[in-house]
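The chain contents come next:
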Amino acid sequence: MHPNAVLRYRPIQEREACKYLLRVAEDPKNFLHHGRHFLGATIIRVSYGIDVDKHKDTDYLGIAEAALAIFSQAFLPGKYLVESFPILRYLPSFMPGADFKREAAKWYPVVREMRDLPWEAATTALREGNATPSMASGLLERMSHLDEKAAAEQEEYSKNAIASAYAGGADTTLSTLQTFYIAMASFPEVQKRAQAELDAVVGPHRLPTFADKHDLPYIAAIIKECFRWRPVVPLGIVHSSLEEDEYNGYRIPARSAVVSNPWAYVRDPNLYEDPEAFRPERFLKDGKLDHNVQDPAAIVFGYGRRICPGRHFAEGSIYAVVSGILHTMSIEAPLDEHTQPIRLADHVKMTHGVLSYPEPFDCIIKPRSPEAEMLIRTSLSEDVTTL
Ligand code: HEM
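Residues numbered from 1 in each chain as written. Predicted model: local features only at pLDDT ≥ 70, side-chain atom pairs only at ≥ 80, totals over all residues. Heavy atoms only, no water.

### Side note on the nonpolar core
- Counting 64 residues, the largest nonpolar core has Phe180, Tyr181 and Ile222 as its most contacted members.
- Each residue touching Phe180, except ones within four places of it in the same chain, is listed here: Ile222, Cys226, Val322, Ile325, Leu326 and Ile331.
- Core analysis: the second largest hydrophobic core is formed by 28 residues, Tyr48, Met114, Ala136 and Ile162 among them. (Core = buried A, V, L, I, M, F, W, Y, C linked by side-chain atoms within 4.5 Å. Buried < 20%, exposed > 50% of the residue type's maximum accessible area, 1.4 Å probe, protein only. Contact = heavy atoms within 4.5 Å.)

Structure follows, in structure tokens:
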């Protein structure tokens, strides 16, 4: 998605973020679950025009979650021998070493349901004239001018491309959102400074919007630091060289697996002084974003032709919730058995895998004031009160 293309999704992100704030205010203990719902619901809304809170007859989020659980297993590099020895793909599925074939057969219907069900709902809505504009409705409208064969081919591509948005976008963004909570609970001084900025720029009578983004450099710096501090895809996604190449005197044969190391780049002390520290200030100079500091977004979203197409959308989702939560809620560390705060930054480990998430943790989240809680409720207009 082009930076300008994501602008049209901002009202959806703002609205879903508002629903998220209400859920967190009403049920703060389940803030991670609400984060998952927010991100999934936003992507399904943008992709298919489906409001999952209104179409409760089909569990679109549950279906997508089931498929996602499969992707996270299937994409573990080195999990299957066939990755190193492609010849194994010719093994019959009952043979030892062909476990990838047996598992793929089991997974196929789950992934297919995720791909096809919301697409069919979007197709029906368009046919019946009640479609909400979405990526699917745009593609379907364009396909309506094609002949039958070309349309069928295009439909196959479109379905796959849109389904990959959920697969690529939900858990990745959730991981960064979790990192945000860990950082805020661990570094209250950062939280206070962010809230002071929001109070000065936005004030007590409304929620922050995308229109405020430019005037909230400290919020932008927190988001950059969250991306940098705990990169979601620490070893990137494996690329393959199409032709023989050379890098700094190293020969890279054609068809080599090329693994980058974003985890090391974001910890390079030449780029980021004291890299283990969570310090949003590193991105600021004279109260403004310092564009001389390497933007972690240029590292953590991959590179080249396969760079993450959802990066601007992800940044928008994170901005919408981070600014809203900081404006209305306070985030505190959980307490240990001696009622002492647990410093989450030191205690919560990141999982190992293609995608890295903080292990489960708690936070104490409370409205900053009764007025802040009231603000969340009044900011939601009537048609979103059916959570
Ligand atoms: C914090 C959030 C996110 C992070 C850290 C992230 C990171 C990445 C990375 C590292 C890649 C691999 C790039 C490469 O091969 O070099 C990728 C690919 C991808 N991402 Fe994201 N992503 C995020 C959010 C999203 C969102 C919100 C969407 C969609 C709405 C999305 C959709 C995709 C897709 C479809 C691909 C595959 C692109 C391809 O293979 O051509 N991502 N992402």
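### A closer look at the UniProt feature "binding site: heme" (unreviewed entry) in the chain
- The sites that UniProt annotates as "binding site: heme" (unreviewed entry) are Cys308.
- Owing to a relative accessible area of 23%, Cys308 belongs among the partly exposed residues under this scheme. (UniProt positions renumbered as here; feature names shortened; annotations may be inferred.)

### Considerations on the coordination of the iron atom of the ligand
- Protein coordination of the iron atom of the ligand is limited to a single donor, Cys308 (SG), which sits 2.3 Å from the metal.
- Within the secondary structure, Cys308 is located in the loop between α10 (297–300) and α11 (311–328). (Donors = N, O, S within 2.8 Å, 3.2 Å for Na, K, Ca; no water. Helix = DSSP H or I, 4+ residues; strand = E, 2+ residues; numbered from the N terminus.)

### Thoughts on the side chain of Asp290
- For Asp290, the position within the fold is in the loop between β6 (288–289) and α10.
- The side chain of Asp290 sits in the buried core without any salt bridge; Lys285 is the nearest counter-charge, 5.3 Å away.
- At 2.9 Å, the side chain of Asp290 forms a polar contact with the backbone nitrogen of Asn292.
- Asp290 has contacts with Phe283, Leu284 and Lys285, leaving out every residue within four places of it along the chain. (Lys, Arg positive; Asp, Glu negative; His and termini not counted. Salt bridge = Lys/Arg side-chain N within 4 Å of Asp/Glu carboxyl O. Polar contact = N/O pair within 3.5 Å; in protein donor to acceptor, adjacent residues only side chain to side chain.)

### Side note on the pattern of salt bridges
- Summed over all chains, the structure comprises 24 salt bridges.
- For Arg36, the salt bridge goes to Asp171, with nearest N and O atoms at 3.2 Å. A residue pair is termed long-range when its members are at least 10 positions apart, and Arg36 in helix α2 (residues 31–48) and Asp171 in helix α6 (residues 148–186) qualify at 135 residues.
- Residue Arg36 is classed as partly exposed on the basis of its relative accessible area, which comes to 33%.
- A relative accessible area of 13% places Asp171 in the buried class.
- We note a salt bridge from Arg282 to Glu225, for which the minimum N-O separation is 3.0 Å. You can see Arg282 sitting in the loop between α9 (262–265) and β5 (284–285) and its partner Glu225 sitting in helix α8 (residues 217–229), a full 57 residues away along the chain.
- A relative accessible area of 0% means that Glu225 is categorised as buried.
- Several salt bridges converge on common partners, so that one network encompasses Glu16, Lys19, Arg23, Arg45, Asp51 and Asp53.

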